[in-house]
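Close look at the chain arrangement
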Amino acid sequence: IYQVSEDKQKKKYYACSMLPYPSGKLHMGHVRNYTINDMLTRHLRMKGFNVLMPMGWDAFGLPAENAAIKNHRSPADWTQDNIAEMKRQMLALGLAIDWSREISSCDPTYYRWNQWFFLKMLEKGIAYRSTQVVNWDPVDNTVLANEQVIDGKGWRTGASVERREIPGYYLKITDYAEELLQAVALNNPQAQLTGWPDRVRIMQQNWLGKSKGVRFAFQHHITQPDGGLVGDGKLFVFTTRADTIMGVTFCAVALDHPIAKLAASTSSTLAQFIEQCKLGGTTEAEWVQKDKLGCSSGYFVEHPITRQPIEVWVANYVLLEYGDGAVMGVPAHDERDFAFAWKYQIPIKQVLASTLATHVFDPQKWQDWYADKDYMVTIHSAPFDGLGHDSCVQAVASYLQNLGLGSLTTTWRLRDWGISRQRYWGTPIPIIHCPHHGAVPVPEKDLPVVLPTHLMPDGSGNPLLQCPDFLHTICPQCGSPSVRETDTMDTFVDSSWYFMRYCNPQDGLNMVSESARYWMPMDQYIGGIEHAILHLLYARFWTKVMRDVGLLNIDEPFSHLFTQGMVLNHTYSLKVGAEKRYFWPQDVENIYNSEGEIIGAQLLLDTSGVPKGTKLEYEGIGTMSKSKNNGVDPQDIIDKFGSDTARFYTIFAAPPDSTLEWNGHAVDGSYRFIKRVFIFCRKHKPILGKPKGMENIQLEATLSDYRKQVHTVLKQINFDYERMQYNTVASGCMKVLNVLEELASAKLAVSKDRVLNEGINLLLRVLYPICPHVCYYLWQELGYAKLEGELVDTSWPEASPEALISDHVEMVLQINGKHRGFLQVPVHAEEPWIRNQAIGLAQERGWVGVTQSVKRVVVVAGRLVNIVT
């Protein structure tokens, strides 16, 4: 019933969760993500939309190879078994997935299009081969992205990362930098992605890193062994603060800069320093945390304006891949430069002064106002003295341009996307290396280049190098014996377009079928904030290249983005030799301090060779992860309480975009609520299952008020559905049940059955997207299905305007200004009638004596009655 097709008669809605990596088991973070998507899908389908909710598997990647080594199984077998298990769990959750569109990135029918499109990009010059410095994990024997290097160590192995120069394939994402930026820029009124969270847009904007400034050169006479000048005698730098150029007291170059290499060839001290710094990734994210270390190169360059010699240092915080791999050091007006200069006793020269005249320059400490360009003018900077930031930058740029040494320019933090990975379990790069013709593309007719699935990684490197059947081939140009490229593609390639393939995965002739013109762009994308930069940026880039080669007619793939909060749980670990092991929370007993805070833990049973009672390290609350053994298997909850309880808990426990700290005891509360709904419907079955219409039904005041309460909550529920504030939808359902239970126990006329019937009908429909199994069952059992059809296709309930307008109003009743109770009054009642009713009720309840005189009765229309005695 969840299979959909293109229907031009209905408004389409494409809602998709980020596809999971098949790790073997779902955890509650998955349940939360997919239940959010499922609620959206069911809600909109009932509102008449043609809704697509597909699912697939991000099945390639290094974890499968590592699991294969550990379990002595091929990555293919391990992956397929995991897919089968996770799909079984998804089916148990009752997700409204169109499984006819299922894809797996390790299927040749899928990754052949990765290869085909790579060749198209190669033809257009978007893909190219280059040698660049990369982060190398010596344990996994693979390249790591900067984001996979944490504190200088590989994210998975913990090994010290090395910096190496190796060849690989790159995609020119930088060609699209401006377009990528303009669609997310918060200061662009024409930005397309206004349906994305601002924080994600800011993260992408910062990652793209557009900067306007001056690129200029320090001239020098540093010669190579062959007599030539390094860099033609010019050391280029880029700065956004050209107004501080007269304060330069040193230059710093990257570890791999040609000047650094030349200096290291004659200085063992510098060579040793560089090797030490290379043990660990030198990423921007680490600059803030690392000590700023440097070593003098022994070389000097010439200041372009003063002609004074400037010492060149080799520093660990300068990256070759950013800019020219060199920076100018202005320690008086840059915090990082100040720390470096103070550490190595490099001169500090003030060249800016505050116009506020309230600060005195102190060369012994850093103060933020030194760099505040809005309140600065240049000093000690002839011929630029007395200029503000903007005018000084322009003046310096003109001066340097006249010297032929620099000019205004724009730079980007973004670098081209390196897609080559030196590992086995991924999409083969369709290149053949011929001894005569070099790198030769595989002809399109020979695609896909199929990855062998029987290989067993052993941790010694890429097993494709030891697979003759794959490795050896002939050159398609000359027929000479040749070898295939053994690098495989970054798995971000697989996830950059899978959502396009969902539109028609059976199309064997086209990468993107005609159906994509109906479904794309995606209306709602759902996934974690951790994918805010790379995956989303690469998917946007891939879409734009597809557009430019004529496969699509859209600019952006995702109109709206929702980043759900992570599900958190306690994390416990133990260092066993060089390995850090993690332990399941259910196998652990916490140790508390006098304040009731967890300070450690101990094992409750023997686990993986670690004896019972062993003290463990408590790492706090963290995101659920299989690698840290702190996930909660939803199957345990499904087996005990049913999948509707698992779904309801993850929705009710916190707003969807906030983190959710796991609380197993709170699951019981969700179960009790669902049980109450079930018992209530069973108990009142004889009066339910009737037509829900309430037209021309005259209700007494109290009964009308109960109905108003139900429809008031329903109005709020619908508002919350529209803004995806699903936790308050769940609490709204609880409120409706509370009202109906109170109504059922009230001693009212038999007409209350009509209100109860309508209320349960409404409740089952609004609760259905959260708890489809119980609601479907009750809808059938109570007889509503015979009246209105299947619940998934029935109409969505809207609050009745008539019900929201009550015939009566509740007024506060006061005696001498003191609140005593309430008075139900017809909306159009006259003031004398209200006075008499108030006095009568007050005397009946004993608040005013029968013989007691009433001096006056004050009536505030629609609000209160105050009897003064």
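Preceding this section is the structure that the text describes.
All figures in this text were calculated on a predicted structure; none of them were measured in a lab. (Residues numbered from 1 in each chain as written. Predicted model: local features only at pLDDT ≥ 70, side-chain atom pairs only at ≥ 80, totals over all residues. Heavy atoms only, no water.)

1. Digging into the overall build of the protein
- A tally of regular secondary structure across the protein gives 26 helices and 37 strands.
- Structurally, the protein occupies a C-alpha span of about 115 × 75 × 65 Å along its principal axes.
- Residues classed as buried in the protein amount to 54% of the 869 residues present.
- Sequence-distant contacts, at least 24 apart, represent 71% of the contacts inside the protein between residues at least 6 apart.
- Of the roughly 38,300 Å² that the protein leaves accessible, carbon and sulfur atoms contribute 50%.
- Computing the positive centroid from 85 side-chain charges and the negative centroid from 94, the protein places the two 5 Å apart. (Helix = DSSP H or I, 4+ residues; strand = E, 2+ residues; numbered from the N terminus. Buried < 20%, exposed > 50% of the residue type's maximum accessible area, 1.4 Å probe, protein only. Contact = heavy atoms within 4.5 Å. Areas by Shrake-Rupley, 256 points an atom, 1.4 Å probe, with all protein chains shown as cover. Lys, Arg positive; Asp, Glu negative; His and termini not counted. Charge placed at Lys NZ, Arg CZ, Asp CG, Glu CD.)

2. Quick word on the sheet that holds strand S5 (residues 127-137)
- Strand order in the open sheet formed by four strands is S6-S5-S9-S19, and the pairing between neighbours is antiparallel. The open sheet has two free edges, formed respectively by strand S6 (142-144) and strand S19 (417-418), since each of these has just one partner strand.
- Across ten bridges, the pairing between S5 and strand S9 (residues 162-171) is antiparallel. Residue pairing across strands places alanine 127 opposite leucine 171, the latter belonging to S9. (Pairing = 2+ DSSP bridges.)

3. With respect to the environment of alanine 127
- By secondary structure assignment, the location of alanine 127 is in strand S5.
- Overall, the relative accessible area of 4% leaves alanine 127 in the buried class.
- Separated by 361 residues in sequence, alanine 127 and threonine 488 have C-alpha atoms that sit 14 Å apart.
- If we ignore the near neighbours within four places in the chain, the residues touching alanine 127 are Phe118, Met121, Leu122, Tyr170 and Leu171.

4. Focus: the packing of aromatic side chains
- For the structure shown, the criterion picks out 39 aromatic pairs.
- On the numbers, 6.1 Å between centres and 85 degrees between planes, the contact of tyrosine 13 with phenylalanine 49 is edge-to-face. Separated by 36 residues along the polypeptide, tyrosine 13 in strand S1 (residues 12-17) and phenylalanine 49 in the loop between helix H1 (28-46) and strand S2 (50-52) bring together distant segments of the chain.
- For tyrosine 13, a relative accessible area of 16% puts it in the buried group.
- Pairing phenylalanine 492 with tyrosine 538 gives two aromatic rings, centres 5.4 Å apart and planes at 65 degrees, and the pair type is edge-to-face. Remark: tyrosine 538 occurs in helix H16 (residues 534-548) and phenylalanine 492 occurs in helix H13 (residues 491-494); sequence separation between them is 46 residues.
- Of the residues examined, phenylalanine 492 reaches a relative accessible area of 26% and is grouped as partly exposed.
- Of the residues examined, tyrosine 538 reaches a relative accessible area of 12% and is grouped as buried.
- What links up through ring pairs into an aromatic cluster is the set Trp113, Trp116, Phe117, Tyr176, Trp417, Phe492, Tyr538, Phe541 and Trp542.
- For the cation-ring pair, arginine 413 lies above tryptophan 207, with the distance from its terminal atom to the ring centre recorded as 4.1 Å. (Phe/Tyr/Trp six-rings, centres within 6.5 Å; stacked < 30°, edge-to-face > 60°. Lys NZ or Arg CZ within 6 Å of the ring centre and 35° of its normal.)

5. Some remarks on the layout of surface pockets
- If you add up the space inside the second largest pocket, you get close to 930 Å³.
- Taken together, 31 residues form the lining of the second largest pocket, with Phe238, Thr239, Thr240, Val327 and Arg336 sitting closest to its centre.
- Among the secondary structure elements, those contributing two or more residues to the lining of the second largest pocket are strand S11 (234-239), helix H9 (284-287), strand S15 (326-329), helix H10 (335-344) and strand S18 (406-412).
- Top contributing element to the lining of the second largest pocket by residue count: S15, with three residues.
- Tallied by class, residues from the lining of the second largest pocket come to eleven nonpolar, eleven polar and nine charged. (1 Å grid on protein atoms, 1.4 Å probe; cavity = no way out; pocket = protein on both sides within 12 Å on 5 of 7 lines; lining within 4 Å. Points joined across faces, edges and corners; volume = space filled by probe spheres on them. Nonpolar A, V, L, I, M, F, W, Y, C, P; charged D, E, K, R; others polar.)

6. Section: helix H4 (residues 108-124)
- The end-to-end C-alpha distance of H4, which contains 17 residues, comes to 24 Å, matching closely the 24 Å that a straight helix rising 1.5 Å per residue would cover.
- Buried within H4 we find Tyr110, Tyr111, Arg112, Trp113, Asn114, Gln115, Trp116, Phe117, Phe118, Leu119 and Met121.
- N-capping of H4 is provided by aspartate 107, with a side-chain oxygen placed 2.9 Å from the backbone N of threonine 109.
- Just past H4, the residue glycine 125 takes up positive phi, approximately 80 degrees. (Expected span 1.5 Å × (residues − 1). Polar contact = N/O pair within 3.5 Å; in protein donor to acceptor, adjacent residues only side chain to side chain.)

7. Regarding the pairing of S1
- Within S1, six of the six residues are buried, leaving the element largely enclosed by the surrounding structure.
- Both faces of S1 are covered, namely the face carrying Lys12, Tyr14 and Cys16 and the face carrying Tyr13, Ala15 and Ser17.
- The sheet contact formed by S1 and S2 spans three bridges and is parallel. Among the inter-strand pairings, tyrosine 14 is bridged to a residue of S2, identified as leucine 52.
- For the segment spanning S1, H1 and S2, crossover handedness is right-handed. (Right-handed = clockwise from strand over helix to strand, strands pointing away.)

8. What about the nonpolar core?
- Grouped together as the largest cluster of nonpolar side chains are 113 residues, with contacts concentrated most on Tyr14, Tyr498, Met511, Trp542 and Met546.
- Of the residues forming this core, the biggest block, nine residues, is contributed by H16.
- What methionine 546 contacts, discounting residues up to four positions off in sequence, is Phe117, Trp497, Met500, Met511, Val512, Leu551 and Leu552.
- Phe49, Phe673, Ala730 and Val736 belong to the second largest nonpolar core, which has 62 residues in total. (Core = buried A, V, L, I, M, F, W, Y, C linked by side-chain atoms within 4.5 Å.)

9. Some thoughts on helix H11 (residues 389-403)
- The end-to-end C-alpha separation of H11 is 21 Å, in line with the 21 Å expected for 15 residues at 1.5 Å each.
- Within H11 the residues assigned to the buried category are His389, Cys392, Val393, Val396, Ala397 and Leu400. Seen from one end, H11 has its buried residues packed into an arc of 135 degrees, which puts them on one side. Exposed and facing more than 90 degrees away from the buried side of H11 are Asp390, Gln401 and Asn402.
- Contacts from the buried residues of H11 go to strand S10 (210-219), strand S17 (376-378) and S18. (Arc of directions from axis to C-beta.)

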